[in-house]
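# Observations on the model geometry
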Amino acid sequence: MKEYQTITEISGPLVYAEVDEAIGYDEIVEIETAQGETLRGQVLESSEGVVAIQVFEGTSGIDQNASVRFLGETMKMPVTEDLLGRVLDGSGRPIDDGPEIVPEERQDIVGAAINPYSREYPEEFIETGVSAIDGMNTLVRGQKLPIFSSSGQPHSELAMQIARQASVPEEEEGGDEEEGSEFAVIFGAMGITAEEANEFMEDFERTGALERSVVFMNLADDPAVERTVTPRMVLTTAEYLAFEKDYHVLVILTDMTNYCEALREIGAAREEVPGRRGYPGYMYTDLAQLYERAGRIEGREGSVTQIPILTMPGDDDTHPIPDLTGYITEGQIYVDPDLNSQGLEPPVNVLPSLSRLMDDGIGEGLTRADHGGVSDQMYAAYAEGEDLRDLVNIVGREALSERDNKYLDFADAFETEFVDQGFDTNRDLEETLEIGWDLLSMLPKEELNRVDEEYIEEYYREDDSEREVVEAAD
């Protein structure tokens with residue numbers, strides 16, 4: 001292995017060195033400083049005679065006396081089932097004082113794209129225990145469903161709640177007979193503060209969720225370059241557990257905004273021509289390479305489901321990060337600042353939220369036969385209640401008809417009883433749908449035009465609407 005002492009320039013996280021052989025793109029590099037410290041890096045650009053290397057640990061301590069070794073291979077993640085229950089840093093090294101990881105194999109972190117022909121369509125329900133998601137924006141195995149939030153919102157609490165509660169209903173019913181249905185959570189944190197990291201770890205340990213999880217932590221003071229590697233490490237581990245060990249894997253990535261900022265930082269250091277708002281022009285491709293690693297493969301038991309979390313700068317969903325994410329993913333869950341200021345937990349606004357694969361994952365034989373109708377009816381009633389709130393601000397509540405008042409009451413009850421459940425409450429789907437029927441029973445039967453007649457007969461609570469009338473008369 002050749003060693004070079006030919007560093008010509010250091011620019012931000014990049015080091016430029018002269019070489020006299022062909023060096024491969026993405027090749028791993030070791031740089032030994034004059035003080036004897038070994039830093040790792042990756043070839044970012046390779047042209048005749050000169051290579052650009054991005055250094056994971058940052059470039060401090062490197063000078064022209066440092067020696068550079070090219071290892072002749074791309075970055076690999078050591079994978080094994082024993083990773084479950086472990087905490088690693090952003091580049092896959094253990095930081096939990098546990099035993100050394102003995103890998104079963106080392107896999108390339110770039111990952112091979114799933115052949116579209118062998119992809120299986122996602123249609124099995126994942127229960128998150130969160131009514132606003134299970135009832136109104138159902139998550140299915142193999143889907144990628146981001147959470148759109150903004151800074152200061154409790155998206156981390158929602159992520160922890162999902163990581164803690166998520167389960168595959170068939171897994172519970174199947175018991176021990178069903179080998180191929182184990183559930184695992186892989187949590188990738190990028191650019192989060194030490195305080196947030198401590199909260200996550202405390203929650204994982206307190207609730208025992210760590211046993212079935214692998215946690216990757218890239219903190220805010222870790223180098224930006226490492227941040228671009230973290231999600232690839234996470235997804236390589238997820239693919240290994242899903243497609244080789246038959247786990248159903250839920251991947252939670254937070255915060256994709258920090259990841260994109262890291263891309264912008266490296267792009268600026270390379271003096272690339274910037275795209276929209278200074279982000280690199282290839283950001284769409286880069287995000288797609290991550291998000292498209294979700295899915296199911298025909299003939300394999302496991303699945304990879306993704307919940308990326310991103311904080312929209314300035315709560316603006318036309319910003320390039322949420323905008324491009326929305327193009328690639330199959331819906332989004334909105335965390336709403338107004339609902340948060342009212343104290344709702346989790347403050348999910350179901351109106352702009354959407355799960356594009358929901359219709360295929362619910363209904364008879366999957367969740368419950370009335371699920372689709374209940375969801376549509378609640379959505380329509382809540383939307384009408386929201387519109388009427390604007391009207392009340394202008395004309396006052398007295399000017400509205402009895403019907404309109406019922407919709408206003410419905411919208412209030414929907415937020416306080418259905419959406420607001422607390423971050424520690426785990427509701428199963430039966431309970432979510434029962435609450436849905438309690439709320440729909442506030443409305444007259446003839447208003448329920450999105451639910452089949454047979455389900456109204458079976459689930460509608462007559463006494464609720466009669467009680468409302470009596471109360472109104474009093």
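Keep in mind that this is a model prediction, so the values were computed, not measured.

## Quick look at a negative patch on the surface
On the surface, Glu364, Asp452, Glu453, Glu454 and Glu458 cluster together to form a negatively charged patch. Assignment of secondary structure puts Glu454 in helix H14 (residues 453-459). Assessed through its relative accessible area of 52%, Glu454 is described here as exposed.

## Examining unusual backbone geometry
The omega torsion of the bond from Thr254 to Asp255 falls at 10°, within 30 degrees of zero and hence cis. Here Asp255 is to be found in the loop between strand S17 (247-254) and helix H6 (256-269). The step from Glu345 to Pro346 runs through a cis peptide bond, and the omega angle for that step is -10°. Inspection of the secondary structure assignment puts Pro346 in the loop between helix H9 (337-341) and strand S21 (348-355). The phi torsion at Glu271 lies on the positive side, around 60°, for a residue other than glycine.

## Observations concerning the packing of helix H5 (residues 224-243) against H6
H6 packs onto H5 with a crossing angle of 130° between their chain directions and a minimal axis gap of 8 Å. Here H5 is positioned oblique relative to H6, judged by the angle of their axes. In this structure, H5 meets H6 at a crossing whose hand is left-handed. For the pair formed by H5 and H6, the contact residues are Ala224, Val225, Arg227, Thr228, Pro231 and Arg232 on the first element and Asn258, Tyr259, Ala262, Leu263, Glu265 and Ile266 on the second. For the contact of H5 with H6, a count of residues per class yields 7 nonpolar, 2 polar and 3 charged.

## As for the packing of aromatic side chains
Applying the stated criterion across every chain, the model contains 9 aromatic pairs. Each ring, one from Trp437 and one from Tyr459, has its centre 5.5 Å from the other, and the planes form 25°; the classification is stacked. Here Tyr459 lies in helix H14 and Trp437 lies in helix H13 (residues 429-440), a separation of 22 residues in the sequence. A single burial state applies to Trp437 and to Tyr459, both of which are buried. Here a set of aromatic residues connected by ring pairs shows up, and it is made of Tyr382, Phe410, Phe414 and Phe418.

## Examining helix H12 (residues 402-419)
The α-helix winds at 3.6 residues per turn, so residues separated by three or four positions along the chain end up facing the same way. Between its terminal C-alpha atoms H12 stretches 25 Å, which fits the 26 Å expected from 18 residues at 1.5 Å a residue. Remark: the principal bend of H12, roughly 30°, maps to Ala413. Turning to H12, its buried residues number three or more, namely Asp404, Asn405, Lys406, Tyr407, Leu408, Phe410, Ala411, Ala413, Phe414, Glu415, Phe418 and Val419.

## Considerations on the pattern of salt bridges
Tallied over the entire structure, the rule returns 38 salt bridges. Between Glu45 and Arg270 there is a salt bridge whose closest N-O contact spans 3.2 Å. Of the two residues, Glu45 is situated in strand S5 (residues 38-47) and Arg270 in the loop between H6 and helix H7 (283-291); the sequence distance between them amounts to 225 residues. The partner of Arg368 in a salt bridge is Glu430, and the shortest N-O contact between them spans 2.9 Å. Taken together, the positions of Arg368 in the loop between helix H10 (358-361) and helix H11 (371-395) and Glu430 in helix H13 put the pair 62 residues apart, joining distant regions of the chain. Salt bridges sharing common partners tie together Arg368, Asp370, Glu430, Glu434, Asp438 and Arg461.

## What about the pairing of strand S4 (residues 27-32)?
With 5 bridges connecting them, S4 and strand S7 (residues 67-74) associate as antiparallel partners. Opposite Glu32, over in S7, you have Ser67 as the bridge partner. In this sheet, S5 lies alongside S4 in antiparallel orientation, the contact comprising 5 bridges. If you follow Val29 over to S5, its bridge partner there is Gly41. The hairpin formed by S4 and S5 contains 5 residues between the paired strands, and Gly36 there has a positive phi angle of roughly 90°.

## Some thoughts on the UniProt feature "domain: ATPase F1/V1/A1 complex alpha/beta subunit N-terminal" (unreviewed entry) in the protein chain
Mapped onto the present numbering, the UniProt feature "domain: ATPase F1/V1/A1 complex alpha/beta subunit N-terminal" (unreviewed entry) falls on residues 7-72. In the segment residues 7-72, helix accounts for 0% and strand for 58%; the C-alpha atoms at its two ends are 19 Å apart.

## A few points about the sheet that holds S7
Spatially, the 7 strands line up as an open sheet ordered S1-S7-S4-S5-S6-S3-S2, and their pairing is antiparallel. Edge positions in the sheet fall to strand S1 (3-4) and strand S2 (7-11), since each of these pairs with one other strand and no more.

## Some points on the packing of H6 against H7
One way to put it is that H6 packs onto H7 with a least axis distance of 11 Å and a crossing angle of 135°. With respect to H7, the element H6 is oriented oblique. Both H6 and H7 take part in a crossing whose hand is right-handed. Counting all contacts with H6, which are made through Met256, Tyr259, Cys260 and Leu263, the residues of H7 involved are Met283, Asp286, Leu287, Leu290 and Tyr291.

## Regarding the confidence of the model for the protein chain
Across the protein chain, the average pLDDT comes to 91, with 95% of residues at 70 or higher. Looking at the elements of the protein chain, mean pLDDT is at its lowest for helix H15 (residues 462-473), recorded as 51, and at its highest for S21, recorded as 97. Confidence over residues 174-180 falls short of pLDDT 50; this stretch has 4 contacts with residues more than four positions distant or in other chains.

## What about the nonpolar core?
Within soluble globular proteins, side chains that are nonpolar tend to cluster in buried spots. Core analysis: the biggest nonpolar cluster contains 69 residues, and Ile162, Ile252, Phe414 and Trp437 have the highest contact counts within it. Per-element tally for this core: the top contributor is H12, with 8 residues. Apart from residues lying up to four places away in sequence, Phe414 is in contact with Met136, Val350, Met378, Tyr382, Val419 and Leu439. The next biggest cluster of nonpolar side chains, apart from the first, holds 55 residues, and it includes Tyr240, Ala242, Ile297 and Met312.

## Concerning H13
With 12 residues, H13 extends 16 Å between its outermost C-alpha atoms, agreeing within 8% with the 16 Å of an ideal straight helix rising 1.5 Å per residue. Of all the positions in H13, only Leu429, Thr432, Leu433, Ile435, Gly436, Trp437, Leu439 and Leu440 are classed as buried.

## A word on a nonpolar patch on the surface
A cluster of nonpolar residues, Leu391, Ile394 and Val395, forms a patch on the protein surface that exposes about 280 Å² of accessible area. Considering the arrangement of structural elements, one finds Ile394 in helix H11.

Analysis parameters
- Residues numbered from 1 in each chain as written.
- Predicted model: local features only at pLDDT ≥ 70, side-chain atom pairs only at ≥ 80, totals over all residues.
- Heavy atoms only, no water.
- Patch = residues over 30% accessible without salt bridge, like charges linked within 9 Å, V, L, I, M, F, W, Y side chains within 5 Å.
- Areas by Shrake-Rupley, 256 points an atom, 1.4 Å probe, with all protein chains shown as cover.
- Salt bridge = Lys/Arg side-chain N within 4 Å of Asp/Glu carboxyl O.
- Lys, Arg positive; Asp, Glu negative; His and termini not counted.
- Charge placed at Lys NZ, Arg CZ, Asp CG, Glu CD.
- Helix = DSSP H or I, 4+ residues; strand = E, 2+ residues; numbered from the N terminus.
- Buried < 20%, exposed > 50% of the residue type's maximum accessible area, 1.4 Å probe, protein only.
- Axes fitted to C-alpha atoms, helices over the stretch in contact; angles between N-to-C directions.
- Parallel < 35°, antiparallel > 145°, perpendicular 65-115°, else oblique.
- Left-handed = near helix turned anticlockwise from the far one by under 90°.
- Contact = heavy atoms within 4.5 Å.
- Nonpolar A, V, L, I, M, F, W, Y, C, P; charged D, E, K, R; others polar.
- Phe/Tyr/Trp six-rings, centres within 6.5 Å; stacked < 30°, edge-to-face > 60°.
- Expected span 1.5 Å × (residues − 1).
- Bend = angle between axes of the 7 residues up to and from the residue.
- Pairing = 2+ DSSP bridges.
- UniProt positions renumbered as here; feature names shortened; annotations may be inferred.
- pLDDT = per-residue confidence, 0-100.
- Core = buried A, V, L, I, M, F, W, Y, C linked by side-chain atoms within 4.5 Å.

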